[in-house]
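The lines below spell out each chain.
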Amino acid sequence: MLKIIDRYILKRYLGTFVVMLFMFIPIGIVIDVSEKVNKMIENHVAFSAIAKYYLDFTIYFANLLFPIFLFLSVIWFTSKLANNTEIIAILSSGISFSRFLRPYIIGATIVSVFTLVMTIYLVPNASAGFNSFRFTYLNNSGVAGMRDDTDVFRQISKDEYIFVSNFNEVSKMAFNFSMEKFEGDKLKYKLVAGRIKWNQKEKTYTLYNYSKRKVGKFGDIIESGEVKDTVFKFDLEDLTPVVYIAETLPLNELNKFIDKEKARGSSNINIYLVVLYKKYSIPVSAFILTIIAVSVSSMKRRGGMGTNLAMGILLAFSFVFLDKIFGVLAEKSSVPSLLAVWTPNIVFGILAIFLLRNAKR
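Residues numbered from 1 in each chain as written. Predicted model: local features only at pLDDT ≥ 70, side-chain atom pairs only at ≥ 80, totals over all residues. Heavy atoms only, no water.

Trainee: It is not clear to me how empty space enclosed by the protein should be interpreted in this structure. Could you clarify?
Mentor: If a probe as big as a water molecule is rolled over the atoms, it shows which places are left empty. Taken as a whole, this structure holds one cavity of 30 Å³ or more when the rule is applied. What the largest cavity holds in volume is close to 30 Å³. Taken together, I5, D6, I9, I90, I95, R99, F100 and P103 make up the lining of the largest cavity. A total of three residues in the lining of the largest cavity trace back to one element, the largest contributor, which is helix α1 (residues 4–42). Along the lines of polarity and charge, the residues of the lining of the largest cavity split into six nonpolar, no polar and two charged. (1 Å grid on protein atoms, 1.4 Å probe; cavity = no way out; pocket = protein on both sides within 12 Å on 5 of 7 lines; lining within 4 Å. Points joined across faces, edges and corners; volume = space filled by probe spheres on them. Helix = DSSP H or I, 4+ residues; strand = E, 2+ residues; numbered from the N terminus. Nonpolar A, V, L, I, M, F, W, Y, C, P; charged D, E, K, R; others polar.)

Spelled out as structure tokens, the structure:
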């Protein structure tokens, strides 16, 4: 059962974390509005679409900066306890530092479970809405829904390849489509089309201004036309940017998608794995950052809360910076994705153990 001291600290832990979220998220929204309001007015974006975008933005932004919010909130209220000599009174009463940490660990568990649920169920939908709004109304192409510089070249099977230059999220249409099929190192046929459109109801694709060249032993066979409905083995997601796909898939669909891409021998598999592994590494970071924050701020310092907050901000941004650096290394180099994603937790976990031992002394 929770004691009075446990409930007191846990209440401060969760309360300060929620207040920190409500303090910084509106600031992020105001900054985002100031940057994008002209585009929204130019494109005559409906208020309902804007409201939905900022709901998604809130979830996306909170998940992105979760380590900073948690770290600063624990630093803030623990420093206040130290400055009011409450921690000295608690430890002087015979409570060990490990026992003092119990409500913090309980709070970290609650936040960790909430974050895990959010990254599995809420963040994918929020990411889809957030990115879809940007590509539909805020891009620089001048066409609603058109993505800039989205050349996609994919291997969809052992001997089949597709390419599109652009994809329109609103109309579900890709441009400058081509598909090549090989047999060994010999080209069997090549299909090209000015546009290809996905028909959701019929589960088919429509080709516009297409031509198909079959390579024969004694001559090529050419088929062409203006419009043709057909069925392909690849999915609509194969025509979209890889990072955008991974961020918007729920956990079960992401696992299936990764298995499918592994079977295809996709060269972008590390990008998908980074998204998958981060769903688990971010919640674990709640425990590590909590221990570091308590260890750093539990002592009353000459500089007061300002010194603790400065150290907290430095450590929090160092964690986020390290997380981004190793995420990019996993996507762009031969560094194993699992190791790269968990390296920030490993490094700061070692730091947490070192700081905790000093704090106990």
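Trainee: Any chance you could explain the packing of α1 against helix α3 (residues 66–83) here in plain terms?
Mentor: What describes two packed helices is the angle between their axes and the distance between those same axes. Packing of α1 against α3 leaves a shortest axis separation of 9 Å and a crossing angle of 130°. Regarding the angle of α1 to α3, the classification is oblique. The two elements α1 and α3 cross, and the hand of that crossing is right-handed. Residues Y8, I9, R12, Y13, T16, F17, M20, L21 and F24 of α1 touch α3, and the partners they reach there are F66, F69, L70, L72, S73, V74, W76, F77, K80 and L81. (Axes fitted to C-alpha atoms, helices over the stretch in contact; angles between N-to-C directions. Parallel < 35°, antiparallel > 145°, perpendicular 65-115°, else oblique. Left-handed = near helix turned anticlockwise from the far one by under 90°. Contact = heavy atoms within 4.5 Å.)

Trainee: Explanation requested: unusual backbone geometry in the structure shown.
Mentor: Residues apart from glycine generally show negative phi values, whereas peptide bonds are mostly found in trans. Not every positive phi belongs to a glycine, and H44 is a case in point at roughly 55°. Overall, the relative accessible area of 69% leaves H44 in the exposed class. Phi at N176 takes a positive value of approximately 55°, unusual for a residue other than glycine. You can see N176 is positioned in strand β4 (residues 173–183). Here N176 falls in the partly exposed class, since its relative accessible area comes to 46%. (Buried < 20%, exposed > 50% of the residue type's maximum accessible area, 1.4 Å probe, protein only.)

Trainee: Looking at this structure, how should I read helix α2 (residues 47–64)?
Mentor: Note on helix geometry: an α-helix contains 3.6 residues per turn, so any two residues three or four positions apart are oriented the same way. If you check α2, its first and last C-alpha atoms are 25 Å apart, about what 18 residues at 1.5 Å a residue would give, namely 26 Å. Residues of α2 that are buried include every one of I50, Y53, Y54, D56, F57, I59, F61, A62 and N63, and no others. Where α2 is buried, its residues meet α1, α3 and α6 (102–137). (Expected span 1.5 Å × (residues − 1).)

Trainee: Help me understand the packing of aromatic side chains, please; the structure alone is not making it clear to me.
Mentor: Aromatic ring pairs are described here by two measures, namely the spacing of the ring centres and the angle between the planes. One pass over the full model with this rule turns up 25 aromatic pairs. Here Y53 and Y54 contribute two aromatic rings whose centre-to-centre distance is 4.7 Å and whose plane-to-plane angle is 70°, an arrangement assigned as edge-to-face. On the accessibility criterion, Y53 (1% relative accessible area) is buried. Ring centres of Y53 and F130 lie 5.7 Å apart, and the angle between their planes is 10°; on these two criteria the pair is classed as stacked. Placement of Y53 in helix α2 and of F130 in helix α6 is noted, with a sequence separation of 77 residues between them. According to the relative accessible area criterion, F130 is buried, its value standing at 8%. Members of the aromatic cluster, connected to one another through ring pairs, are F24, Y53, Y54, F57, Y60, F61, F69, F130 and F133. In this structure, R195 packs its charged tip against the face of Y208, placed 4.2 Å from the ring centre. (Phe/Tyr/Trp six-rings, centres within 6.5 Å; stacked < 30°, edge-to-face > 60°. Lys NZ or Arg CZ within 6 Å of the ring centre and 35° of its normal.)

Trainee: How do you make sense of the packing of α1 against α2 when you look at a structure like this?
Mentor: Orientation of α1 relative to α2, taken along the N-to-C sense of each, is 135°, at an axis distance of 10 Å. Classed by the angle they form, the pair α1 and α2 counts as oblique. Considering the relative orientation of α1 and α2, their crossing is right-handed. Residue-level contacts link L21, F24, I25, G28, I29, D32, V33, K36 and M40 of α1 to I50, Y53, Y54, F57, T58, F61 and A62 of α2. Partitioned by chemical class, the residues of the contact of α1 with α2 number twelve nonpolar, two polar and two charged.

Trainee: Where do I start with the nonpolar core in this structure?
Mentor: One recurring pattern in soluble globular proteins: nonpolar side chains tend to sit buried together. Ranked by size, the top nonpolar core spans 55 residues in total, and within it Y104 and I292 carry the most contacts. A per-element tally of this core places α3 first, with eleven residues. With 20 residues, the next largest nonpolar core counts I156, F177, W198 and L236 among its residues. (Core = buried A, V, L, I, M, F, W, Y, C linked by side-chain atoms within 4.5 Å.)

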